[in-house]
Amino acid sequence: MARNPKYQKAHCLILSRKPLREADFLLTVFSREQGKIRVLARGVRKANAKLAGRLQQLYNVEIYLAGSSLWPTVTSVSIINKYPKIRQSLSALAIAFYAAELVTKLTPDAEINARIYELLDRFYSELNSQSKNIEFSEKDRTWPPILEKFRLDLLRIVGHGVTTRFCAHCGVKIAAGEATAFSSFAGGVVHTDCGKHFPDTRLVSEITAGQLAILDQQALEDVADLTVGEEGHRCISDFVVFLLERDVQSERFMEKMRQE
Ligand SMILES: [Zn+2]
């Protein structure tokens, strides 16, 4: 069926909302139908407060859009899910905002990918039901496993999966108990010898290697009881930063090679 460009329905997760001019909002949303897009909500800060109330960050909404310009305009909104319990826990809220930011940064504009919409919806639903148990433990240096699982899944969907069981360099499975290293340049865990080819290789403990592999194999809904320590968290964080700053990192690498 041909799509009428003047009038479209979209299922969206609202990633961010910024005031624009006197009365408008510019929303960045991830839609099932069109990928990441920016849409305009007009007059909502004055006259149309009801519409504004339905267009909160993190909400899952069904919207109608008018116009085919750069920023189509929201004409009506119905709420699919508010994930209300996320807002009752500061930790859960912080993680939810972080996830929205990560999706914003790792996805190109207007590239359709329904799996990202579905992953984010599952993640927020799970965060909503676990919100009371989401904790960062300063003392034990542990991280919410659902956050790490979300990051691994998102990275895989956007085409930058982190290897957790097979060496990212030679492709051979890393045996249980074998010394393991991690390199963002390589793309995940590596044999210690294979790691010598990369500038950022670091050894990881057997426990961390095991945690990453198990996390990778479980579904998002089944990871609540797993443990992710500081080292595993750091590996995934480094990989995310590496991806976001890839060009800069490659330059640093070249510079380093030149000096050696
Ligand atoms: Zn290897």
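Residues numbered from 1 in each chain as written. Predicted model: local features only at pLDDT ≥ 70, side-chain atom pairs only at ≥ 80, totals over all residues. Heavy atoms only, no water.

Trainee: Explain the sheet that holds strand 9 (residues 202-204) to me, please; I cannot follow it from the model alone.
Mentor: Sheet strands line up and pair through hydrogen bonds in the backbone, either parallel or antiparallel. The strand order across the open sheet formed by three strands is 8-7-9, and the pairing between neighbours is antiparallel. In this open sheet, the two strands that pair with only one neighbour each are strand 8 (188-191) and strand 9. Mean inter-strand twist for the sheet, computed between neighbouring axes without regard to direction, equals 50°. Looking at chain direction, strand 7 (residues 180-183) and strand 9 are connected through three bridges and run antiparallel. Residue pairing across strands places F182 opposite R202, the latter belonging to strand 9. (Pairing = 2+ DSSP bridges. Helix = DSSP H or I, 4+ residues; strand = E, 2+ residues; numbered from the N terminus. Axes fitted to C-alpha atoms, helices over the stretch in contact; angles between N-to-C directions.)

Trainee: I tried to follow the nonpolar core on my own but got confused; where do I start?
Mentor: The nonpolar side chains of soluble globular proteins are, as a tendency, buried together. If you look at the biggest cluster of nonpolar residues, it comprises 50 residues, and the most contacted ones within it are I86, L120, F123, Y124, L127 and F150. At the level of elements, strand 1 (7-20), helix 2 (90-106), helix 3 (114-130), helix 4 (145-157), strand 7, strand 8, helix 5 (206-217) and helix 6 (230-244) are the ones that each hand at least two residues to this core. Here this core takes nine residues from helix 2, the largest share from any one element. When residues are assigned to domains, this core turns out to be shared by domain 1 (7-81) and domain 2 (135-259), each giving three or more. Contacts of I86, omitting those with residues within four sequence positions, involve L58, A92, L93, A96, Y124, L127, N128 and S131. Grouped together as the second largest cluster of nonpolar side chains are 19 residues, C12, V29, V39 and A41 included. (Core = buried A, V, L, I, M, F, W, Y, C linked by side-chain atoms within 4.5 Å. Buried < 20%, exposed > 50% of the residue type's maximum accessible area, 1.4 Å probe, protein only. Domains from an automatic or database assignment. Contact = heavy atoms within 4.5 Å.)

Trainee: Any chance you could explain the packing of helix 2 against helix 4 here in plain terms?
Mentor: How two helices pack is summed up by the angle between their axes together with the distance between the axes. Where helix 2 contacts helix 4, the axes come no closer than 11 Å and their chain directions differ by 15°. Here helix 4 runs roughly parallel to helix 2, going by the angle between their axes. Between helix 2 and helix 4 the crossing geometry is right-handed. Contact with helix 2, carried on its side by I95, Y98, A99, L102, V103 and L106, involves L147, F150, R151, L154 and L155 of helix 4 and no other residues of that element. In terms of residue class, the contact of helix 2 with helix 4 is made up of ten nonpolar, no polar and one charged. (Parallel < 35°, antiparallel > 145°, perpendicular 65-115°, else oblique. Left-handed = near helix turned anticlockwise from the far one by under 90°. Nonpolar A, V, L, I, M, F, W, Y, C, P; charged D, E, K, R; others polar.)

Trainee: How do you make sense of the side chain of Q34 when you look at a structure like this?
Mentor: Mapping Q34 onto the fold places it in the loop between strand 2 (24-31) and strand 3 (35-41). One polar contact links Q34 to Q8, side chain to side chain, over a distance of 2.7 Å. (Polar contact = N/O pair within 3.5 Å; in protein donor to acceptor, adjacent residues only side chain to side chain.)

Trainee: Sorry if this is basic, but what is going on with the side chain of K149 here?
Mentor: Among the structural elements, K149 can be located in helix 4. At 3.0 Å, the side chain of K149 and the backbone oxygen of D216 are in polar contact. Here K149 is in contact with L215, D216, Q218, A219, L220 and V223, once residues within four sequence places are set aside.

Trainee: Would you explain the coordination of the zinc ion in this entry?
Mentor: Any two of four tetrahedral donors ideally make an angle of 109.5 degrees at the metal, while pairs among six octahedral donors ideally make 90 or 180 degrees. The zinc ion binds to the protein through C167 (SG), C170 (SG), H191 (ND1) and C194 (SG), with metal-donor distances spanning 2.1 to 2.3 Å. Seen from the zinc ion, its four donor atoms lie at angles of 99 to 118°, and the figure they make is tetrahedral. One chain supplies every donor for the zinc ion, spaced along it as C-x2-C-x20-H-x2-C. With a gap of 24 residues between them, C170 in the loop between helix 4 and strand 7 and C194 in the loop between strand 8 and strand 9 connect regions that are remote in the sequence. (Donors = N, O, S within 2.8 Å, 3.2 Å for Na, K, Ca; no water. Tetrahedral: all angles 85-135°; square planar, octahedral: opposite > 155°, others 65-115°.)

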